[in-house]
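Now for the letters of each chain:
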Amino acid sequence: MNAIADLSTADLGALRTRMKNAYDAFRARGLKLDMTRGKPSAAQLDLANPMFSLPGNGDHFTEAGDDARNYGGVQGIAEVRALFAPIMGVPADQVVVGDNSSLALMHDCLAWALLKGVPGSAAPWSKEAAPAFICPVPGYDRHFALCEEYGIRMLPVPMTGHGPDMDAVEALAADPAVKGMWCVPKYSNPSGEVYDDATIRRLAAMRAGAPDFRLFWDNAYAVHHLTARRHDILNVMEACAAAGHADRPFIFASTSKITLAGAGLALFASSAANVRWYLARASKRTIGPDKLNQLRHLRFLRNVDGLHRHMDGHRALLAPKFDAVAEALEHHLAGLGAARWTRPEGGYFITVDAADGTARRVVALAKEAGLALTPAGATWPLGQDPHDRTLRIAPTFPSLEEVRAAAEGIALCIALAAVEKEDAGRSRPG
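Residues numbered from 1 in each chain as written. Predicted model: local features only at pLDDT ≥ 70, side-chain atom pairs only at ≥ 80, totals over all residues. Heavy atoms only, no water.

Caption draft 1: Region of the structure containing the packing of helix H11 (residues 304–333) against helix H13 (residues 400–427). Running from N to C, H11 and H13 point in directions that differ by 30°, and their axes come no closer than 8 Å. Taken as axis vectors, H11 and H13 run roughly parallel relative to one another. Of the two possible hands of crossing, H11 and H13 adopt the one that is right-handed. Residues Pro-320, Lys-321, Ala-324, Val-325, Ala-328, Leu-329, His-332 and Leu-333 of H11 lie in contact with H13, whose contacting residues are Leu-400, Val-403, Arg-404, Ala-407, Glu-408, Ala-411, Leu-412, Ile-414 and Ala-415. (Axes fitted to C-alpha atoms, helices over the stretch in contact; angles between N-to-C directions. Helix = DSSP H or I, 4+ residues; strand = E, 2+ residues; numbered from the N terminus. Parallel < 35°, antiparallel > 145°, perpendicular 65-115°, else oblique. Left-handed = near helix turned anticlockwise from the far one by under 90°. Contact = heavy atoms within 4.5 Å.)

Caption draft 2: Just unusual backbone geometry, in detail. The residue after Leu-54, namely Pro-55, is reached through a cis peptide bond having omega 5°. Here Pro-55 lies in the loop between helix H2 (42–46) and helix H3 (78–88). Each neighbour pair has its own omega, and for Val-137 with Pro-138 the value is 0°, a cis peptide bond. Mapped onto the elements of the fold, Pro-138 is located in the loop between strand S3 (132–137) and helix H5 (141–149). Although it is not a glycine, Tyr-187 adopts a positive phi angle of roughly 55°. Its location among the elements puts Tyr-187 in the loop between strand S5 (178–183) and helix H7 (197–205). At Asp-388, a position not held by glycine, the phi torsion is positive, near 45°. Take Asp-388: its relative accessible area is 17%, and that puts it in the buried class. (Buried < 20%, exposed > 50% of the residue type's maximum accessible area, 1.4 Å probe, protein only.)

Caption draft 3: Up close: the pattern of salt bridges. Summed over the entire model, instances satisfying the criterion amount to 22 salt bridges. The partner of Lys-179 in a salt bridge is Glu-128, with the nearest N and O atoms 2.9 Å apart. Highlighted residues: Lys-179 in strand S5 and Glu-128 in the loop between helix H4 (102–116) and S3, separated in sequence by 51 residues. Between Asp-212 and Lys-179 there is a salt bridge, with its nearest N and O atoms 2.8 Å apart. Residue Asp-212 is located in the loop between H7 and strand S6 (214–218), and its partner Lys-179 is located in strand S5; the two are separated by 33 residues in the primary sequence. As far as burial versus exposure is concerned, Asp-212 and Lys-179 are alike and both buried. Bridged by salt links that share partners, the residues Lys-20, Asp-24, Arg-27 and Glu-368 form one connected network. (Salt bridge = Lys/Arg side-chain N within 4 Å of Asp/Glu carboxyl O.)

Caption draft 4: Layout of the environment of Leu-105. Locating Leu-105 in the fold gives a position in helix H4. Overall, the relative accessible area of 4% leaves Leu-105 in the buried class. In this structure, the C-alpha to C-alpha distance between Leu-105 and Trp-125, residues 20 residues apart in sequence, is 17 Å. Excluding anything up to four places from it in sequence, Leu-105 contacts Phe-252, Ala-266, Leu-267, Phe-268 and Tyr-278.

Caption draft 5: Representation of the pairing of strand S10 (residues 350–354) within the structure. Of all five residues in S10, five are buried, a share of seventy percent or more. Alternating positions in S10 separate into two faces, Ile-350, Val-352 and Ala-354 on one and Thr-351 and Asp-353 on the other, with burial throughout. Looking at chain direction, strand S9 (residues 339–341) and S10 are connected through three bridges and run antiparallel. If you follow Ala-339 over to S10, its bridge partner there is Ala-354. (Pairing = 2+ DSSP bridges.)

Caption draft 6: How the structure looks around the sheet that holds strand S12 (residues 390–393). Spatially, the three strands line up as an open sheet ordered S9-S10-S12, and their pairing is antiparallel. Whereas interior strands pair on both sides, the edge strands pair on one side only; in this sheet they are S9 and S12. Taking each pair of neighbouring strands and ignoring which way they run, the sheet shows an average axis angle of 20°. Strands in contact with H11 are S9, S10 and S12; relative to S9, the strand with the most contacts, it is inclined by about 155°.

Below you can see the structure in the form of structure tokens.
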């Protein structure tokens, strides 16, 4: 197709009519499809069904002989920490295994930093003037919601395809009021990009104005590959230690999208000093996590190789869905100049940048056609996308056939919104 902007007025009108007819035909199908959140599908959850019979009757003792049914073990079972240590990039004694939500661990670290400060703090963060976080955009709405909940200013910086714009990050981090930065370093939410080595080294080595600056390193998609290639990233703990900032990273992950989303394990890792700080706070909040669930995961996954084999099963289910979205976007939008989109090699999302000023219209058109999309603006702090263009597509939860149908509808909505905008611009006086 020719680009919308290059069409004659007559051709533009004809294209608008064709797109409107195609959209109306799609809407008439009466579909009800939800593409809002990156949840595992039932088929993915089924991969972990053997866990329901684990750890098994009588199998409730750790290698050290501790009874997992009882209180205690705030840091988590030693052999479970050893299982996940290679994924977290630290020794097992610097891993904490919690209950099912890594978001809860992020919340706790943020709240405790505000109330108590962190190692290296002169005072609790809440006692300092207008603390702020650097927020790469597009980014994860739940990270932004935590900052919003606690009144932390959010400073957006653009992603570049290799991670955040480091010139912008370094300039912002020089301000002592900037206490931290959100990072999803591998298969970023929602762009899918992978931080390159140079970006991670600069994050590790940069001079921060706050001596207690922290990287909130959410490695949520550490093993969530969509291709045969398993992307690796530079070890942030080692890079920070080498740069003299060993306490800088707070590393988070979970098995929510590995085993059972509502019954997984949450993981925290950091320097020895930060782990001591975390455990001192956590021991006031809990007498211990669900250690039977930790044993269940250990018995099911067994080792890192078993974890990767399990994730190959996820990839077999998810890759065709991501391919279906890419095929629909290419078929309906190629050459129009109406959108750009990512082809992620891992993670849970596809980012589409529609024509500026059209994302909210796309979401509204989709809703009218029975498609629920993530709200426009969700990938920006406070839900305010200054360009009104970024859409986050979540193809994981619906069936493959539903994804194919939804992707067609989304592409039609994007095209129609772009044509409407161009037509309105030409009709405007002057």
